[in-house]
Amino acid sequence: MDLRIFTEPQQGATYDELLTVAKATEDLGFDGFFRSDHYLAMGSGDGLPGPTDAWTTLAGLARETSRIRLGTLVSSATFRHPGVLAIQVAQVDQMSGGRVELGLGAGWFEQEHTAYGIPFPPKRFDLLTEQLEVVTGLWGTPVGGRFDHAGERYTLTDSPALPKPVQTSALDASKAGVPVIVGGLGPKRTPALAARFAAEFNLAFPPLADVADHVARAHAACEAIGRDPRSLIMSAALVLCVGRTDAEVDRRAAAIGRDPLELREVGLAGTPSALVDRIGMLAEQGLQRVYLQVLDLHDLDHLELVASEVASQLG
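Quantities reported herein were computed from a predicted structural model and do not represent experimental measurements.

How each quantity is defined
Residues numbered from 1 in each chain as written. Predicted model: local features only at pLDDT ≥ 70, side-chain atom pairs only at ≥ 80, totals over all residues. Heavy atoms only, no water. Helix = DSSP H or I, 4+ residues; strand = E, 2+ residues; numbered from the N terminus. Buried < 20%, exposed > 50% of the residue type's maximum accessible area, 1.4 Å probe, protein only. Axes fitted to C-alpha atoms, helices over the stretch in contact; angles between N-to-C directions. Parallel < 35°, antiparallel > 145°, perpendicular 65-115°, else oblique. Left-handed = near helix turned anticlockwise from the far one by under 90°. Contact = heavy atoms within 4.5 Å. Nonpolar A, V, L, I, M, F, W, Y, C, P; charged D, E, K, R; others polar. Pairing = 2+ DSSP bridges. Right-handed = clockwise from strand over helix to strand, strands pointing away.

### What about unusual backbone geometry?
No. 1: P49 follows L48 through a cis peptide bond whose omega is 10°.
No. 2: One can find P49 in the loop between β2 (32-35) and α2 (54-64).
No. 3: Here the bond from L162 into P163 is cis, since omega is 0°, no more than 30 degrees from zero.
No. 4: With respect to the secondary-structure elements, P163 resides in the loop between β7 (155-159) and β8 (180-183).
No. 5: Its identity is not glycine, yet D158 carries a phi of approximately 55°, on the positive side.
No. 6: For D158, a relative accessible area of 46% gives the class partly exposed.
No. 7: Although it is not a glycine, A161 adopts a positive phi angle of roughly 55°.

Pasting the structure below:
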């Protein structure tokens with residue numbers, strides 16, 4: 001089971017604070033450091049000192065780390081033109097030596113769009129689909145070739161489709177491409193989109209009892225287009241709140257403004273042994289990767305505890 005650290009910088013974090021967590025992620029042996037892609041704090045926090053751009057952050061981290069995977073969970077299709085996004089992600093992949101992954105979603109938080117003057121169209125799933133067509137099409141065009149696309153929202157004409165990522169496509173090793181992550185809990189369209197474009201299908205904070213059903217639907221979507229279901233990595237993002245004692249769990253829950261009883265029901269919360277059991281249950285339901293949502297970026301002891309007493313038992 002891969003364990004990745006997942007952060008929410010829009011709630012309040014500087015680049016230096018994110019760098020500290022990313023370096024700890026690498027030093028402690030976690031598989032990757034991922035961040036959300038939002039421009040406005042949610043809930044009661046003030047979000048100070050303000051948002052950091054996801055791909056600017058990842059470019060910096062690409063030069064400051066050497067092993068861990070880096071990416072977004074997830075970027076919004078409303079934020080960037082797909083041609084620009086393809087260039088940005090390919091460049092950061094080059095800067096990292098081929099360690100970048102692109103999580104891309106339709107976007108949902110209308111208030112951050114209005115706050116920064118970003119259009120928020122009503123039919124965003126079709127927008128996401130076309131963005132995936134353009135981004136993967138640009139990366140997959142052979143060097144020296146040209147890429148054209150005439151869609152409902154985007155038109156690209158005689159594009160040189162450069163630069164190329166370092167990595168090759170997870171769906172076609174003969175083509176360049178960064179691993180794409182598609183996420184969601186929708187029963188039909190989202191699994192179908194993942195089967196078509198993604199290296200990984202991520203369940204964002206799913207009800208734990210429903211994980212096996214989501215995995216089955218994703219596998220069925222792969223089979224429907226002739227894709228081997230085993231080629232699609234299944235993952236989930238869940239909030240992290242671990243302590244050596246119940247009192248420590250309660251303290252960490254209070255620090256992020258959450259009810260410890262609720263976290264034990266819906267997230268990865270409790271003692272290390274409880275966490276090992278829960279992750280084992282998720283593996284039995286078909287997950288291969290878990291994103292540990294870390295909401296208190298100053299509590300590096302939290303990460304050390306997971307590395308020493310949870311990850312070490314997972315093999």
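### Focus on the packing of helix α1 (residues 15-27) against α2
No. 1: For the pair α1 and α2, the least separation of the axes is 10 Å and the interaxial angle reads 45°. Between α1 and α2, the interaxial angle falls into the category oblique. Considering the relative orientation of α1 and α2, their crossing is right-handed. Touching Y15, L18, L19, A22 and K23 of α1 are T57, G60, L61 and E64, all from α2.
No. 2: A class-by-class count of the residues in the contact of α1 with α2 yields five nonpolar, two polar and two charged.

### A word on the pairing of strand β3 (residues 69-72)
No. 1: What you see with β3 is no split at all: R69 and G71 on one side and L70 and T72 on the other are buried throughout.
No. 2: Where β2 meets β3, four bridges bridge the pair, whose relative direction is parallel. Across the sheet, residue R35 finds its bridge partner in β3, namely T72.
No. 3: At this point the chain moves from β2, through α2, to the parallel β3, and the crossover so formed is right-handed.
No. 4: Relative to strand β5 (residues 100-105), β3 is paired through two bridges, and the arrangement is parallel. Across the sheet, the residue bridging to G71 is E101, located in β5.

By themselves, these observations are geometric and do not establish any function.
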